[in-house]
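Notes for the structure review
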Amino acid sequence: KCQDMVMTELANGGEDVLIFYNDRASFPLLLQMMSSEQERSDVNGALKYHITLVELLAACTEGKNVYTEIKCNSLLPLDDIVRVVTHDDCIPEVKMAYVNFVNHCYVDTEVEMKEIYTSNHIWNLFENFIVDMNRVCNSTTDRKHADTAQERYVTEAVTNIVSGFFSSPFSDNSTSLQTHQPIFIQLLQSAFRIYNCAWPTPSQKSSVESCIKTLAEVAKSRAIAIPVDLDSQVNTLFLRTHSNMVQRAVTGWRMSTRGAPRYRDASGAAGLDYRNIIEKLQDIVSTLEHQFQPMVHAELSVLVDVLHSPELLFPDGSDTQMRCEGGAFMSKLINHSKKLMDKEEKLCMKILQTLREMLNRKDNFGEKGTVLRKILLNRYFGNLRSIYKADGLVGGITAPLAAGGFSKSPQTGGSSSSDSDKCGISVFEIQCHLDREGASELVTDLITNTKNSRIFEESIALGIALLEGGNTQTQNSFHRQLNELKKSEKFFKVFYDRMQVAQQEIRATVTVNTNDLSSKKDEDYDLAPPVHRKRARDPAVHIKEGVKGQLAEASTATCKAYYMYRREMDPESDLIPVGTECVGLEDKSGDEDVMSPLITIMEPILRFLQLLCENHNLELQNFLRHQNNKTNYNLVCETLQFMDCICGSTTGGLGLLGLYINKKNVSLVNQTLETLTEYCQGPCHENQTCITTHECNGIDIIIALILNDINPLSKYHMDLVLQLKNNASKLLLSIMESRHDSENAERILYNMRPKELVDVIKNAYNQSMELNDESVSDDNISPKDVGHNIFILAHQLSQHNKLLQQMLKPGSDPLDEGGEALTYYTNRTAQIEIVRHDRSMEQIVFPVPSICGYLTHESKFKVFNSTERDEQGSKVNDFFQQSHNLYNEMIWQKKIKNNPGLFWFSKNMSLWGNISFNFAVFINLAVALFYPFGDEGDESTILPLFSLLLWVVLIVCTVLLLLIPKPHGIRLFTVSVMFRSIYTIGLCPTLVLLGALNLCNKIVFLVSFVGNRGTFTQGYKAVVMDVPFLYHLLYVVVCILGLFVHEFFYSFLLFDLVQRQETLLNVIKSVTRNGRSIILTAALALILVYLFSIVGFLFLQDDFIMVVDQLEKNKSALSVQENRYSAPLDSNEQVCRENCSLLSVAPTEDQDDTMVEQTCDTLLRCIVTVLNQGLRNGGGVGDVLRKPSKNEPLFFARVVYDLLFFFVVIIIVLNLIFGVIIDTFADLRSEKQKKEEVLKTSCFICGLERDKFDNKTVSFEEHIKFEHNMWHYLYFIVLIKVKDPTEYTGPESYVAQMIRENNLDWFPRMRAISLVSNEGDSEQNEIRSLQDKLDTTMYLVEQLSGQLSELKEQMTEQRKNKQRLGFLGSSTTQVNHQDTTH
C-alpha cells in the first residue's frame, strides 16, 4: 500500500518530479553530468536526484506489486534502460540504480513481463555485465586505487539480477537461452573469476557464490554444454567450506603449539643443541652421498645392462638364452609392470625408472665407479671372457650392450678404461627395441588408468625417453595405440583434465607481488606472495626439532583426512595422494614459494606432447587437435589456454607479464612455447589457424613476451628472459610458416606496433655489444642471436606492413642511432626460394651460420666461374656437388683461425702466387740478358753516367712506390733494385738472392694452399690425387733445382703463365680436348708415309740423293759416290752422264765442306727421310729429291709420286690435323664467350635470362642478389648441416630430406615468385577495382541505414511522448475521482 501511495504522488508530480533523460534531446545532458566530476560529487545536484528517483522507483516495484510494476514499466522502457547502462560513459552509481530497477520491475515480478524474456535487451545487459566483471578482475592488483563502487555494483546488483532472472519461473519457457549460450558461459566464467579474487567481502562472496550455483543449476537443467573446468569448479565449490574448516583446525593447532611452554632439563639449563647436532650429521651424510654417488650409478648401470641383455647370463645355445634373445624377458617385464600398477606401486615405479635408465645411460662413473662396474660385470658376464679375448677386446667385458644387445656379434676395436664402457648401440635402436617389446603400450595404459601421480609422472618420463630425438617409429606406435586401438579418448582426457586442474590451481594459488618492482634483491631473487615473505622473515617463533617432527606428523594426518574426505565426495577426481604434498612440510617452511605439484607436472606433460609432434609429424599434430571421437579434446587450444592462464590472462599491451612470470615458472612458460611451436611447424595449417583464432589472449601474450622487458626477472636473470623471447619469436614464426595468405600475419600485427618491435631488435644488439659475447656461456643463448630471430620475425611481418618494411631498412632514419644493429642483422640474414612437392614455391628467411664467414673469396670466384651447366642448362647439379667441399673448407678455415700465422698466410694465398710468378719473370730476364755470367758486369767496369742513371731510376721507382702502391709500381721498383744489385754486388749473388726469395715465397704459397684446402686432413690418397697440390710441389722442386743445380731450370717456371691465364689454357685444350682425333689422324699420316717410303725404296731409290754439310773440312776434292745398288752404265748412258750437268759439280769455295749422300739405301732410312723432309717441306718429299729428266723412263711415275704425296699428305692429312686444332680453339673461345654471357645475363640458380625481368617490379640485379643469391643457397645447405635436426622448421626438414636423397627438385628452375606474382597483377587490379566499387556501394548503404535509424528514433520518441502524456492524463483523472469519493 505504501508503494502505491508513493507511486501515486510521483505520478501527480508530473514532469517536474519525474525527470528522465531518455529522449533524444536530454540524453546528452545525462552523459555530460556523468562525465562531470563536479556533478558526481554534488549531493544536491541533478545527477544525484535522478539516481535517487530511479532508486525510489525500484523500491516501489520491489516485491510483487502489479500496479507499480506496470506504471514504472511505462515510465522507463527497457530499451532506454539498456541504452543508458551499456553506454561507455555510464558510471557505476547510475548502473546500480538502473539494474536494481530492472530487477524489481521486469524480473522479480508478479506477472510475466514478456518483453524481457523475448527480446535481446536483457542479453545486451548481460554482455555489458561481462565487461564490467572482467574489468574489476583485471584492475585489482593495487587496492588503494580500486573502484569500490564498481565492485559493489558487480557483486550486488549484477549478481542479484542474474540470479533472479535465471531462477524466475518465467525464464523456463524462454527459448532465447539456447541461442545465447556463449554469453551464458561467459557469465559463469566471469563469476568464477570474481569468486577467486581476494578482495570480495564475505557478504559479496556469498552473493557471487549464490549466482554461480544458480547458473550451474540452470546449465544442468537446460542441458547446456559448459567447459570441463567450469564443471569441475562447480563440483569443488561445495568442498571449499570443508577445506576451510580443515585449514582453520590446523591453524589453531599451530597457534597452540607456539604458545606451549618450552622444555628444559632438570637443572634448569637450556637443553642440548639438537639443531647443531643434526646439521653436522646432515653435512656428514651429504659428503658420503657425494662420494658414493658415482658408485651407486655404476651399480644401477650394471642392473640396466643385465635387464637389457639377459641372454648374456646363460650358456650359448640354451633354451633360456634363445628366449631372451627374442625379447621374451623384456616383453614379460613390461607386461608385468601393468599388473603392478595397483598392487605394487613402488616396484612399478622402480621398473619404469630402470627402463628409462636404459635410454639415459651414463658413461662417466669416475675411477672407483668404473672399477666397481668392471667387477660386477665380470661377476655377471664372466662366462664371456674367452669370447672377448678371442676377439681382441681388452675391455669388452665391461660393455655388454656393445657385445650383446640386439646383435650378438661383439664389437671389435674396443679400448680399455672408460672408452670400452660405451655402448656400441645407438639410443635410437634401444628406443625401437623397447617399443617393439611394448614400452609405448605400457606408457599409454599407465597414463590412461593410473590414479597414482608418482606412477603417472614416471610414465610421462619414460614416454619422453622413448620419444627423445623424434623417434618416428615410437611416434607411429603411439599413434597406432591411440587411433587404431581406440584409446585416444581416455588418453587425452587425462591430459585435458590435468591442464584444467593446473589452471584452477594457478588461479587459486598464484599471486602477484608488486613490491618487488621497486625493491632490490640479491642474485637469487625470486617472486613470492607477500604473506610468505612475511612469514619467512618472522624470527619470533622458534620450534625445536622434536616439535617439528610432531608438527610434520600432524600435518600429514590432516592431509590424509582431507584427501580421504575429498575422495569420498568426488571419487572420479584425480588428486595428489597422501605423501606427496605433505611429506617434508617442515622443509618447505622457509621456501613456500615452490609451485604446486599440480602445476609442475605440466612441464613433463607438455614435453611429452611436444615429442609426439617432433620432426613435424603431421598425423599426430592433427590428432592432438581432433581425434574423431564422440568427445574430442583440443589439446592445442588447451595448451594455449594454459599459457594464457600462467601468464596472468593479461592482454599483450598491458605490460604486466613480469608480475606473473618469475624464476620458478619461467621454465614452464618456455616449455609451453616450445610445445606450441612444435604443434605448428611442418607446417600444420589447421593448428596455426586454431591458435590465431582462439578467443583467449594467447597471441597477445606471445607478442608481449617479445616486446616487454618482463621486469623484475630481467634485472637478475636476463638469460631466462632471452630464452623466453627467443622461444616466443620462434612460435610466431611457426604460426606464419609456409602460409600463402596474410591472415595470421595480420592477426599478429593487429596488436604489435612496428616501432616497438624494431626497438627490441636494437636493444638486443646493444646489449650484446655491452656484453661482448664473452660472458655468455655455451648453454645460454646470446642476446645477438635473440635479436636476430626477432629481426627475421620482423622481416616476415614486413611483407604485410609497409611501415615496418621501411623501418627495417638500414639508414632509413638518419637521426636514429640503432642503424648499426639493422645493418648487422641485414648482412647476416639471407632468403631463398624453394619448390615444394606440390610444385608450389615458398620463400625462406634464415640466419646465415657464422661458419659461412670463413669461405674464402678465391673459392667463391672459382665456383662462380667454373661451375658447369648440365644437359638442361642448369648449374644447380654441379653447384650442389661442390657444396660438400665448400663446407669442409669452411670447417678447415675455422680451425686454422686458431693459428694466427697460418691463417694470415692462407688468407693472402693469391698474393704469394703473384709474387712467385713475378720472381720467375725477373730471374729469367736476368738470365737471358747476362748469361753466360762473368765479371764484366761489376760496378767498376761500367760508366759512371750509367751507374748514376741506375741510382736515379731506383729513387724514382721508390717514390712512385710510395705514392702509387700498386702492382705496376712494385714491379718497376723490383726491376730497378735488381739491376742496381747486379751492377753493385754482381750477377751471381743477385740470382742466388732472387732464387732464395722465390723458393721461400713458393714454400709460403704451398703452406697457404694446404691451409686453405686442408689437403693433409683428407688422407694420403687424397694428397696423391690432388693435381693442383702436386703441381705446386713440382714448382718448389724446380725452384730448388734452379737454385742449387743450374739457372736454366728457372725457365720452366714461366709455364706458370699457362696455369694463370685462361686463354693459354684454351690453347692447350685446343690440342688436348680432341686429342684422340688428332692422334688418329697422325696415325693415318704415318701409314701414308710408310706406303710412300716403300714405293720410293723400290722404284725411286736413286732419286733419294741429298747434299749434306760436314762438321770437319775435307781438303780433298769431293768425289761423287757411285751407287752400289745401280747396274753398270752402258756407253750411251755414260756419255749422257758426262755431257749432262746433272751430276757435275762446279768447283766452288765451299766444295770442300759439302758432300752427297744416298738417303734411301735401307727402308728405315727411306722412312725417316720421307717423314722428316716430306712433312717439313711445303711441296712434300719431291722438294728434296733429285730433279729427274723428262727423258728418263720413270719421269711420269716420279711426277705422280710427288703429286700424290703433296695432295694426300700435305694438303689433306696435315690440314685435317690443323683444322681439328683450329676448330677446337674456336669452339673453346665461343664457349668462353657464351659462358661469360650466361654469367652476365642469366640467373645462376633458376637459369632465367635478364629479359624475363624487363618491365617487372623486380629487376634482374635484385633477383640475383636477394631472391636467388647462389651463396644464400649454399648458406642454407650449411645451415641444414650444422643445425640440430630436432630444431628444424618445416621447410628445413623438407630440404634436409631432399638433400639426403640427393634430390634437387627443391631448387627453383626457370621459376621465380616475383614473376608469378607479376603475372597475377592484372587479376589483382580487376579485383581491386571491384573492391572499390563494392566499398562505394557499402558506403551508400550505410548512409541510407543511418537515415532510416534516425527516422525510427524520431518515431519512437514521439510514441513515448504520447504514452507519457496519456499516463499523466489518466493519473489526474484517477486523483479527481478519489477526491470526489472522499
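Just so it is clear, the structure is predicted and the values come from calculations on it, not from any experiment.

Calculation rules
Throughout this description, residue numbers start from 1 for each chain and increase along the sequence as written. pLDDT decides what is reported in this predicted model: residues at 70 or higher carry local features, side-chain atom pairs at 80 or more are listed and counted, and totals for whole chains, interfaces and linings draw on all residues regardless. Computation of side-chain values covers all heavy atoms of the structure but excludes hydrogens and water. Here a strand is any run of E in DSSP of at least two residues, a helix any run of H or I of at least four, and the numbering for each starts at the N terminus. Residue contacts are counted whenever heavy atoms from the two residues lie within 4.5 Å of one another. Here the Shrake-Rupley method, with its probe set to 1.4 Å, supplies the accessible areas, and only the displayed protein chains count as covering residues. Only buried residues count toward a nonpolar core, which is a set of Ala, Val, Leu, Ile, Met, Phe, Trp, Tyr and Cys residues joined through side-chain atoms within 4.5 Å. Residue exposure (1.4 Å probe, protein chains only): buried if accessible area is under 20% of the type maximum, exposed if over 50%, otherwise partly exposed. One requirement defines pairing of two strands: DSSP has to find at least two bridges between them. Each reported salt bridge corresponds to a side-chain nitrogen of Lys or Arg within 4 Å of a carboxyl oxygen of Asp or Glu. Note on aromatic pairs: the rings of Phe, Tyr and Trp (six-membered ring only in Trp) are paired at centre separations within 6.5 Å, and the planes decide the class, stacked below 30 degrees, edge-to-face beyond 60, tilted for the rest. Criterion for a charge above a ring: Arg CZ or Lys NZ at most 6 Å from the ring centre, at most 35 degrees from the ring normal. One confidence number per residue, pLDDT, is output by the predictor and ranges from 0 to 100. To get an axis, a line is fitted to the C-alpha atoms, and for a helix only the part in contact is used. The angle between two axes follows their N-to-C directions and goes from 0 to 180 degrees. Comment on the angle field: the value is read as roughly parallel under 35 degrees, roughly antiparallel over 145, roughly perpendicular from 65 to 115, and oblique elsewhere. Here is the rule for handedness: rotate from the far helix to the near one, and if that takes an anticlockwise turn smaller than a right angle the crossing is left-handed, while a clockwise turn gives right-handed. Side-chain atoms alone can form a polar contact between residues adjacent in sequence; in general such a contact is a pair of N or O atoms within 3.5 Å, and within protein one must be able to donate a hydrogen while the other accepts it. Patches here: salt-bridge-free residues with over 30% relative accessible area, like charges joined within 9 Å, nonpolar side chains (Val, Leu, Ile, Met, Phe, Trp, Tyr) joined within 5 Å. Charge counting treats Lys and Arg as positive and Asp and Glu as negative, with His and both chain ends excluded. Every charge is mapped onto a representative atom, which is NZ of Lys, CZ of Arg, CG of Asp or CD of Glu.

Next up on the list: the overall build of the protein chain. Across its full length, the protein chain holds 63 helices and four strands. For the protein chain, the share of sequence-separated contacts (at least 6 apart) that also reach a separation of at least 24 residues comes to 74%. Carbon together with sulfur atoms contributes 56% to the accessible area of the protein chain, which is approximately 74700 Å² in total.

Soluble globular proteins tend to pack their nonpolar side chains together in the buried interior. Core analysis: the biggest nonpolar cluster contains 115 residues, and F495, F608, L609 and L797 have the highest contact counts within it. The residues touching L797, leaving out its near neighbours within four places in the chain, are M736, A745, I748, L749, M752, L757 and L804. In terms of nonpolar packing, the next biggest core, distinct from the first, is built from 76 residues, L18, L76, V102 and M133 among them.

Each neighbour pair has its own omega, and for G682 with P683 the value is 0°, a cis peptide bond. Tracing the chain through its elements places P683 in the loop between α34 (666–680) and α35 (685–692). Going from N711 to P712, the amide bond is cis rather than trans, its omega being 5°. If you trace the backbone, P712 turns up in the loop between α36 (698–707) and α37 (713–716). Of note in this structure, N628 is not a glycine but carries a positive phi near 60°. As for its position among the elements, N628 is in the loop between α32 (618–625) and α33 (635–646). One non-glycine residue, M1310, lies in the positive phi region at around 55°. Examined against the element boundaries, M1310 turns out to sit in the loop between α61 (1290–1300) and α62 (1313–1319).

Here the focus is the environment of V131. Assignment of secondary structure puts V131 in helix α9 (residues 121–138). Using a relative accessible area of 42% as the deciding quantity, one classes V131 as partly exposed. Through-space distance from the C-alpha of V131 to that of Q186 is 10.0 Å; in sequence the pair is 55 residues apart.

Attention now moves to the pairing of strand β2 (residues 841–847). The side chains of a regular strand alternate between the sheet's two faces. Of all seven residues that make up β2, five are buried, and the element is covered over most of its length. The pairing of strand β1 (residues 829–835) with β2 spans seven bridges and is antiparallel. Bridge pairing links T829 to P847 in β2. Turn length for the β1-β2 hairpin, with the two strands adjacent in sequence and antiparallel, is five residues, and the turn residue R839 shows positive phi of about 70°.

Under the definition given, this model contains 20 salt bridges. A salt bridge links K493 to D497, with the nearest nitrogen and oxygen atoms 2.7 Å apart. On the criterion of helical spacing, the pair formed by K493 and D497 is a turn pair, its members being four residues apart in helix α27 (residues 488–509). In the salt-bridge network here, residues are joined through shared partners; they are D1103, R1186, E1192, R1198 and D1202.

To continue, consider the environment of S176. Within the secondary structure, S176 sits in helix α11 (residues 176–179). Each C-alpha atom of the pair S176 and N120 lies 8.1 Å from the other, and the pair is 56 residues apart in sequence. If sequence neighbours within four positions are ignored, S176 has contacts with Y117 and W123.

Here a ring pair, both rings aromatic, is described through the centre-centre distance and the interplanar angle of the planes. Tallying each qualifying case throughout the model produces 29 aromatic pairs. Between F1092 and Y1201, the aromatic rings sit 5.5 Å apart at their centres with planes inclined by 70°, giving edge-to-face as the arrangement. Within this pair, whereas F1092 is found in helix α55 (residues 1075–1099), its partner Y1201 is found in helix α58 (residues 1195–1241), the two being separated by 109 residues in sequence. Accessibility classification places F1092 together with Y1201 in one group, the buried group. Members of the aromatic cluster, each reached through a chain of ring pairs, are F456, F478, F491, F492, F495, F608 and F623. One Lys or Arg, R836, reaches over the ring of Y1294 and ends 5.1 Å from the middle of that ring. One Lys or Arg, K860, reaches over the ring of W1271 and ends 5.7 Å from the middle of that ring.

What follows is about the confidence of the model for the protein chain. For the protein chain, per-residue confidence averages 76 on the pLDDT scale, and 75% of positions sit at 70 or higher. The lowest-confidence element of the protein chain is helix α28 (residues 530–537), averaging 35 in pLDDT; the highest-confidence one is helix α31 (residues 602–612), averaging 94. When the criterion is pLDDT under 50, residues 260–271 qualifies, and its contacts beyond four places in sequence or with other chains add up to five contacts. Across residues 650–654, confidence stays below pLDDT 50; counting only partners more than four residues off in sequence or on other chains, it has twelve contacts.

Interaxial distance between α33 and α36 falls to 9 Å at its minimum, and their mutual angle equals 55°. Here α33 is positioned oblique relative to α36, judged by the angle of their axes. When you trace α33 past α36, the crossing you get is left-handed. When α33 is examined against α36, the residues L640, M643 and D644 are found in contact with a partner set consisting of G698, I701 and I702.

The residue T867 is located in the loop between α44 (857–866) and α45 (876–896) in this model. A polar side-chain atom of T867 sits 2.3 Å from the main-chain carbonyl oxygen of V863. At 3.4 Å, the side chain of T867 and the side chain of Q882 are in polar contact. Apart from residues no more than four positions distant in its own chain, T867 is found in contact with K862, K875, D878, F879, Q882 and F1244.

This next bit is on the environment of I81. One can find I81 in helix α6 (residues 78–85). Linking I81 and H121, residues 40 residues apart in sequence, is a C-alpha distance of 9.0 Å.

So, on to the pairing of β1. Of all seven residues that make up β1, seven are buried, and the element is covered over most of its length. Burial of β1 is two-sided: the residues T829, Q831, E833 and V835 facing one way and the residues A830, I832 and I834 facing the other way are all buried.

What follows is about the side chain of R1198. With respect to the helices and strands, the residue R1198 is situated in helix α58. Polar contacts involving the side chain of R1198 include one to the side chain of D1103, which spans 3.1 Å. When residues no more than four places from it in sequence are discounted, the contact partners of R1198 are L1100, D1103, G1182, L1185, R1186 and P1188.

Moving on, we get to a negative patch on the surface. On the surface, a cluster of negative charge is contributed by E1237, E1249, D1251 and D1254. Position of E1249 among the secondary structure elements: in the loop between α58 and α59 (1260–1267).

So, about a nonpolar patch on the surface. Residues L281, I284, V285, L288, F292, V296, L300 and L303 make up a contiguous nonpolar surface patch of about 680 Å² in total accessible area. Among the structural elements, L300 can be located in helix α16 (residues 274–308).

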